[in-house]
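# Fold and contact review
Below are the chains, spelled out letter by letter.
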Amino acid sequence: MSARPVGTWFLSVAAIAVLASLVTAIVVIGSPAHQRALRFDERRVSDLRGIDSRVEAYARLEHRLPKTLDELERATHDAAAIPVDPESRRAYDYRPTDARHYELCAVFATARTQDSEPTYAYETAWMHPAGRYCFRQVLSREDDAKDAADAAADAAAALAPVN
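Residues numbered from 1 in each chain as written. Predicted model: local features only at pLDDT ≥ 70, side-chain atom pairs only at ≥ 80, totals over all residues. Heavy atoms only, no water.

### Some points on the overall build of the protein
Going by this rule: Numbering of helices and strands starts at the N terminus; helices are DSSP runs of H or I of at least 4 residues and strands are runs of E of at least 2. Any residue under 20% of the maximum accessible area for its type is buried, any over 50% is exposed, and the rest in between are partly exposed; the area is computed with a 1.4 Å probe on protein chains only. Residue contacts are defined here by distance: any two heavy atoms, one from each residue, within 4.5 Å place the two residues in contact. Areas reported as accessible are Shrake-Rupley estimates using a 1.4 Å probe. Residue values count occlusion only from the protein chains shown.
Per the secondary structure count, the protein includes four helices and three strands. Shown N-terminal to C-terminal, the secondary structure of the protein runs as helices and strands in the order α-α-α-β-β-β-α. Taking all 163 residues of the protein together, the buried fraction comes to 26%. Residue pairs at least 24 apart in sequence account for 60% of intrachain contacts in the protein once pairs closer than 6 positions are excluded. Carbon together with sulfur atoms contributes 60% to the accessible area of the protein, which is approximately 11300 Å² in total.

### Re the packing of aromatic side chains
Stated formally: Ring pairs are drawn from Phe, Tyr and Trp, using the six-membered ring of Trp, whenever the two centres fall within 6.5 Å, and their geometry is named by plane angle: stacked under 30 degrees, edge-to-face over 60, tilted for the rest.
A full pass over the atoms with the stated rule returns four aromatic pairs. Ring geometry for Tyr94 against Tyr102: centres 5.8 Å apart, planes inclined by 50 degrees, an arrangement best described as tilted. The class for Tyr94 is buried, based on a relative accessible area of 12%. Taking 4.8 Å as the distance between ring centres and 50 degrees as the angle between the ring planes, the aromatic pair formed by Trp126 and Phe135 counts as tilted. An identical accessibility class is assigned to Trp126 and Phe135; each is buried. Every member of this aromatic cluster is reached through a ring pair, and the members are Phe108, Trp126, Tyr133 and Phe135.

### As for the pattern of salt bridges
Under the convention used in this document: A pairing counts as a salt bridge when a side-chain nitrogen of Lys or Arg comes within 4 Å of a carboxyl oxygen of Asp or Glu.
Throughout the structure, instances matching the rule amount to ten salt bridges. Of the charged contacts in the structure, one is a salt bridge between Asp47 and Arg43, with a shortest N-O distance of 3.3 Å. On the criterion of helical spacing, the pair formed by Asp47 and Arg43 is a turn pair, its members being four residues apart in helix α2 (residues 32-62). Residue classification places Arg43 among the partly exposed positions, given a relative accessible area of 41%. We note a salt bridge from Asp93 to Arg132, for which the minimum N-O separation is 2.5 Å. In this pair, Asp93 is assigned in strand β1 (residues 93-96) and Arg132 in strand β3 (residues 131-138), connecting sequence segments 39 residues apart. The network of salt bridges with shared partners includes Arg36, Asp41, Arg44, Asp85 and Glu87.

### Structural notes on the confidence of the model for the protein
Where we set the bar: Each residue carries a pLDDT value, the predictor's own confidence for that position, ranging from 0 to 100.
Averaged over every residue, the pLDDT of the protein is 81; residues scoring 70 or more account for 71%. Within the protein, the lowest mean pLDDT, 53, falls on helix α4 (residues 142-159), and the highest, 98, falls on strand β2 (residues 101-108).

### Examining the sheet that holds β3
Stated precisely, the cut-off is as follows: At least two bridges found by DSSP between two strands is the condition for calling them paired. Between N-to-C directions, angles cover 0 to 180 degrees, with each direction set by a line fitted to C-alpha atoms, over the stretch in contact for helices.
The sheet built from three strands is open, its strands ordered β1-β2-β3 with antiparallel pairing. The open sheet has two edge strands with one neighbour each: β1 and β3. The mean angle between the axes of side-by-side strands here comes to 20 degrees, regardless of whether they run parallel or antiparallel. Pairing of β2 with β3, which is carried by eight bridges, proceeds in the antiparallel orientation. Note that in β3 the partner of His101 across the bridge is Val138. Along the sheet face, α2 touches β1, β2 and β3 and points at about 165 degrees away from the line of β2.

### Some words on the state of the cysteines
Simply put, the disulfide is a covalent bond whose two ends are the sulfur atoms of two cysteines. As a reminder of what qualifies: Two cysteine sulfur atoms form a disulfide, by the criterion used here, when they sit within 2.5 Å.
Tallied over the entire structure, the rule returns one disulfide. In this model Cys105 forms its disulfide with Cys134; the gap between the sulfur atoms is 2.0 Å. Taking the torsion about the sulfur-sulfur bond, which here is approximately 110 degrees, the covalent link between Cys105 and Cys134 counts as right-handed. Taken together, the positions of Cys105 in strand β2 and Cys134 in strand β3 put the pair 29 residues apart, joining distant regions of the chain. With relative accessibility at 16%, the residue Cys134 sits in the buried group.

As structure tokens, this is what we get:
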């Protein structure tokens, strides 16, 4: 057998192996476009979590929810702007629904479910379907404990004998 057919055979096998590896990688981790969409969605969740923290801090200081994200941005003392969607560059949606509840909304490219990937317990609150989704948030219970303590102190003061 001459060296030419062996080299051609080896080159063909190597090309098939490389092609098979690429196909396997795309099947396992997804296409580059899918990976990009996942990164944008991870950023969206991170942005919404940051906005959520700022809303909580605002509510603790002001004893109410901000009416808009613009009000939140003006009132917070850090210099960071409220983030916008990393892909569309549009503002996220925020809407207070009552004195203690609000919604944070975004449009997601992919679904993030318990079946889609392993998650930590705190991440389950931020799972979402593909498309527009609103997270319904409630102010933390720290305020409830303070309110209950203040109410108990007021009640005790009201019941205390006057000297």
